[in-house]
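Geometric and topological summary
Here is how the chains run, residue by residue.
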Amino acid sequence: IEKEVMVNFILENGQEGDKLSQSSAKIVLYGELSLLAYTRYINVKIDRNQFDIYDHDTVVTFVLPDNFYCETNEVVLKLTNSSNK
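As the structure is a computational prediction, the values presented were derived from the model and not from experiment.

1. Digging into the nonpolar core
Phe9, Leu29, Ile46, Phe62, Leu64 and Leu77 are the most contacted members of the largest nonpolar core, which totals 20 residues. Looking at this core, the elements that each hand over two or more residues are strand S1 (2-12), strand S3 (24-30), strand S4 (41-47) and strand S6 (74-77). Setting aside residues no more than four positions away along its own chain, Leu77 makes contact with Phe9, Leu20, Ser21, Gln22, Ile46, Phe51, His56, Asp57, Thr58 and Val60.

Have a look at this one:
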């Protein structure tokens, strides 16, 4: 089946003060009914190493948990850090 769920982006390996411009997005996921029926959100990790510079739109790749699928595993995010301005 397919279902639109909220995907929460969690930054990994960031420096102190690093934040993502967007913490979540609605994405259409595909999977078995038994998995998606009660799924309202999932968490995905975004590695800091995918960003070259701060405050710049960057296409980053994320990995979904096993048995969940979507048409694309990429999203455009910005890495921000208020102490670097």
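Still more to cover.
2. Concerning the sheet that holds S3
As a general point, the strands of a sheet are linked pairwise by backbone hydrogen bonds and lie either parallel or antiparallel. With mixed pairing, three strands are arranged side by side in an open sheet as S3-S1-S4. Here the strands that pair on one side only, and so sit at the sheet edges, are S3 and S4. Ignoring strand direction, the axes of neighbouring strands in this sheet form an average angle of 45°. For S1 and S4, the ladder comprises seven bridges, and the chain directions are parallel. Looking across to S4, one finds that Ile10 is bridged to Lys45.

Calculation notes
Residues numbered from 1 in each chain as written. Predicted model: local features only at pLDDT ≥ 70, side-chain atom pairs only at ≥ 80, totals over all residues. Heavy atoms only, no water. Core = buried A, V, L, I, M, F, W, Y, C linked by side-chain atoms within 4.5 Å. Buried < 20%, exposed > 50% of the residue type's maximum accessible area, 1.4 Å probe, protein only. Helix = DSSP H or I, 4+ residues; strand = E, 2+ residues; numbered from the N terminus. Contact = heavy atoms within 4.5 Å. Pairing = 2+ DSSP bridges. Axes fitted to C-alpha atoms, helices over the stretch in contact; angles between N-to-C directions.

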